[in-house]
Amino acid sequence: MLTMQFSLSKSNTLTSNKTTGAKLHGIYLTQGSSATINKCTVSSNKSDGIYITKSTANIKNCTVSSNKGNGIYFVSKSKGSIKNCKIKKNKKKGMSITGKQRAAGWMYLAPATILIFIMSFWPIIQAVITSFKTGSSANMQWANPFAYNYTRMFQDAVFKRSIGNTFLYLIIEVPIMLVLAILLAQLLNNKHLKFKGLFRTCVFLPCATSLVSYALIFKSLFATQGLINTILVKLGILENNFNFLGTGWSAKIIIIVALIWRWTGYNMVFFLAGLQNIEYSVYEAAKIDGASGWRTFWSITVPLLRPTIVMTTIMSINGTLQLFDESVNLTKGGPANATITMSHYIYNGSFGEGVANFGYASAMSVIVFIMVAILAFINLKVGDKRD
């Protein structure tokens, strides 16, 4: 047995040999050669096992392997026959480049993925499990019947009221806020407008205010002896000071106004970014075609902003269904739970009413999670107009 590289020319017969090509082919038949290769073991590390160019080769009973190339390769008008041969592709030891790249990617993702699972997904799983339990935090046991906490919600008048209040805020506040955000973004995107940076900062500034701080500001403004009452009485609109925060309907209006003031600038930034990605030449073409400003807005701006509108709508729905700070800091859920939200009621069930009822609070949290998921799914389906 020989271990070498063969280069055959003219007429050759190679029988019962072992040949290895370290850098080239194991057996190489040059132009015009003829060979019979019988009972040989041929391998190549970096090219084809047997390479035949413009030659005739009869290959029998051989084992041919290659790390990178073909086992047997006929090119350029070559001819011949292959009988009873085993051709295999050797697998390189160790990990491929693609495998190494994937491993490196997972290595970088692993810490964040583990943290997200521990801090987000694991609490969700635990909340679902806890929702089927009753008792205090120190002595919880499986509910009997198993879905007791969920059936209890349908009989809980305060929870029903909190759902109604939350959806009232959602239905009124979200459309008004998003429409104002789009209009403000359109106005502040005008390239001929002076002091754009100042105006954009002024509109966005409420978003940079602390949630607790701005709630306290609104509470002071609408207090019985507050600035709004003083102005309305001096203008003759009110005869006496009105308890805005102590009346159900007016307290709800104040919460809605506060939400619009706080979050309109935040959404405006997203719409402004979307508008700046629209080529100005599109508007110029519409102007040449005689389109009015209103027509341009509805036929060009709104369709091109659809992905941004979908995103901001989902975020706004998600945020409103989890509304908490305004209910707690402005009205404390009052008067008589008239303004309480779902998140506020969940908090009261967990921490705010003496005995911690984590099972029932977890069940309500699961319902809020399902509501957010359903509304987000509907919004995606309605807003997705791709072909």
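Residues numbered from 1 in each chain as written. Predicted model: local features only at pLDDT ≥ 70, side-chain atom pairs only at ≥ 80, totals over all residues. Heavy atoms only, no water.

Engineer: How do you make sense of the confidence of the model for the protein when you look at a structure like this?
Structural biologist: Any residue range with low pLDDT should be treated as having predicted coordinates unsuitable for detailed reading. With 88% of its residues at a pLDDT of at least 70, the protein reaches an overall mean of 84. In the model, residues 1-6 has pLDDT below 50 throughout and makes 22 contacts with residues more than four positions away in sequence or in other chains. (pLDDT = per-residue confidence, 0-100. Contact = heavy atoms within 4.5 Å.)

Engineer: Honestly, the packing of helix H8 (residues 280-288) against helix H9 (residues 293-304) in this entry has me stumped. Any pointers?
Structural biologist: Packed helices, taken two at a time, are described by the angle between their axes plus the distance between the axes. At a minimum axis distance of 11 Å, the contact between H8 and H9 shows a crossing angle of 145 degrees. Between H8 and H9 lies a crossing of right-handed hand. Seen from H8, the contacting residues are Val282, Tyr283 and Ala286; seen from H9, they are Thr296, Ile300 and Thr301. For the contact of H8 with H9, the per-class residue count stands at four nonpolar, two polar and no charged. (Axes fitted to C-alpha atoms, helices over the stretch in contact; angles between N-to-C directions. Helix = DSSP H or I, 4+ residues; strand = E, 2+ residues; numbered from the N terminus. Left-handed = near helix turned anticlockwise from the far one by under 90°. Nonpolar A, V, L, I, M, F, W, Y, C, P; charged D, E, K, R; others polar.)

Engineer: How should I be thinking about helix H10 (residues 306-321) in this particular structure?
Structural biologist: Each α-helix winds once per 3.6 residues, and so residues spaced three or four apart point in a common direction. The end-to-end C-alpha distance of H10, which contains 16 residues, comes to 22 Å, matching closely the 22 Å that a straight helix rising 1.5 Å per residue would cover. Among the residues of H10, Thr308, Val310, Thr312, Thr313, Ser316, Ile317, Thr320 and Leu321 are the ones counted as buried. (Expected span 1.5 Å × (residues − 1). Buried < 20%, exposed > 50% of the residue type's maximum accessible area, 1.4 Å probe, protein only.)

Engineer: Honestly, the environment of Leu330 in this entry has me stumped. Any pointers?
Structural biologist: Looking at the secondary structure, you find Leu330 in helix H11 (residues 325-331). Under the relative-accessibility criterion, Leu330 is labelled buried at 2%. Each C-alpha atom of the pair Leu330 and Ser220 lies 9.3 Å from the other, and the pair is 110 residues apart in sequence. In this structure, Leu330 is in contact with Ala215, Phe218, Lys219, Leu245, Ile254, Ile255, Ala258 and Asp325, ignoring residues within four places of it in sequence.

Engineer: Sorry if this is basic, but what is going on with the side chain of Thr130 here?
Structural biologist: By the secondary structure assignment, Thr130 is in helix H1 (residues 97-130). A distance of 2.7 Å separates a polar side-chain atom of Thr130 from the backbone oxygen of Gln126. Sequence-distant contacts of Thr130, defined by excluding residues within four places in its chain, comprise Met140, Asn149, Phe358, Gly359 and Ser362. (Polar contact = N/O pair within 3.5 Å; in protein donor to acceptor, adjacent residues only side chain to side chain.)

Engineer: What exactly am I supposed to notice about the packing of aromatic side chains here?
Structural biologist: How two aromatic rings sit relative to each other is given by the distance of their centres and the angle of their planes. Under the counting rule described, the total for this entry stands at 21 aromatic pairs. Both rings, one in Trp142 and one in Phe146, keep their centres 5.8 Å apart while their planes meet at 35 degrees; by these two values the pair is tilted. The exposure class assigned to Phe146 is partly exposed, which follows from its relative accessible area of 46%. Ring geometry for Tyr347 against Phe351: centres 5.8 Å apart, planes inclined by 50 degrees, an arrangement best described as tilted. (Phe/Tyr/Trp six-rings, centres within 6.5 Å; stacked < 30°, edge-to-face > 60°.)

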